[in-house]
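Remarks on the overall topology
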Amino acid sequence: MQNIPSDYRPLLNVQQTERAIKQIKDYFERSLSAELRLFRVTSPLFVPAGSGINDDLNGIERPVSFPVAAMEQAPVEIVQSLAKWKRMALADYGYRAGTGIYTDMNAIRPDDTIDAIHSIYVDQWDWEMVLAPRQRNLEMLKQTVRRIYAAIVRTEFVIHEQYPEITPCLPEEITFVHAEDALQRYPRLTPEQREYELAREHGAIFVIGIGGQLSDGRVHGGRAPDYDDWTTETAPGYAGLNGDIVVWDPVRQNSLELSSMGIRVDDVALLRQLELTGTMDRRQLYWHTRLLQGELPQTIGGGIGQSRLCMFLLRKAHIGEVQASVWPDTIRNECMESGVQLM
């Protein structure tokens, strides 16, 4: 079931939606670039398999791979995100502290759930910024989150100006909450249910500490061990220099994650997290070797879902209303019955 509201009626028709998607992407890109001093760059669609450059996400997803007839090397993989590639690009292109890059990332994730907010096609703005070593701290993470959130709020207002029927709903400020605090407040709920309650209460939250073990021995969500730093202590009993931006979706009456981001691992955090996850063999991979040898800068970065943001700002009930993908017949039939027109 897609949990589409029974009384759902899209505020914009298909032609208006297509125009609005372009307006959102153009305006938000400019705002994000200005807030974080990011330069737009061209990025790869695929990378060599076995190089350690591809993102492992939660460590269990299968990347789409294929051989290249003109190459005798190992197959190539379609990127799952560009978390590692961006950091390598910042080193190779010579970016200085306080500046960075962003790019359009398109991925295929065949193991993803397919529902109202998930598709096997993933499009996001992948961004990465160089930090000075002294900036690897929680305050820098929060400052960056506030800037990204400000760009989202401005984009919502611009879309409201163009389409008055879309009423702004985002609060002026985003609320920060550590995953451990969420656990203490709602010990009997799942992480998803905690996000639901907190997003409903505050409108927009940033959950800190995704991937690190909480006091109940569990994690709020999965993270690969070799990009975000989810083990560095930020306060007594609290770890994690990463997190997710989650908003309250007024159409679906549910929480909606828009962005995953964080301060990246340094050599110490990398080795600690590889050991915790039993993946120390990755030390020998090309990307990991470069990091451990000090060739990659300290960075902060993340991904912001393009279709997720468009879906939220245009008050759509299904992600298929703002992106073209493939859907099971059961979903197509349910959407048709609910008045949802898939692209």
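Residues numbered from 1 in each chain as written. Predicted model: local features only at pLDDT ≥ 70, side-chain atom pairs only at ≥ 80, totals over all residues. Heavy atoms only, no water.

The protein goes by Aspartate--ammonia ligase in an unreviewed UniProt entry, where it is assigned to Spirochaeta africana. Check the Subcellular location (unreviewed entry) section of the UniProt entry for the protein; it says "Cytoplasm". (UniProt positions renumbered as here; feature names shortened; annotations may be inferred.)

So, about the UniProt feature "domain: Aminoacyl-transfer RNA synthetases class-II family profile" (unreviewed entry) in the protein. The UniProt record marks residues 101–328 with the feature "domain: Aminoacyl-transfer RNA synthetases class-II family profile" (unreviewed entry), using the residue numbering of this structure. The distance from the first to the last C-alpha atom of residues 101–328 is 36 Å, and the span holds 30% helix and 25% strand. (Helix = DSSP H or I, 4+ residues; strand = E, 2+ residues; numbered from the N terminus.)

Looking now at the nonpolar core. By size, the foremost hydrophobic cluster in this structure holds 55 residues, and its most contacted members are Trp 127, Ile 148 and Leu 314. Element by element, the count of residues in this core is highest for helix α3 (residues 138–162), at 8 residues. With 21 residues, the next largest nonpolar core counts Ile 53, Trp 85, Val 130 and Val 265 among its residues. (Core = buried A, V, L, I, M, F, W, Y, C linked by side-chain atoms within 4.5 Å. Buried < 20%, exposed > 50% of the residue type's maximum accessible area, 1.4 Å probe, protein only.)

A few words now on helix α2 (residues 83–93). Across the 11 residues of α2, 8 count as buried, placing the element largely inside the fold. Along α2, the positions that sit buried rather than exposed are Ala 83, Lys 84, Trp 85, Lys 86, Arg 87, Met 88, Ala 89 and Leu 90. Tucked inside the fold, the buried residues of α2 contact β5 (100–108), β6 (121–130), α7 (286–292) and β13 (299–305). Positive phi shows up at Gly 94, right after α2, with a value of about 75°. (Contact = heavy atoms within 4.5 Å.)

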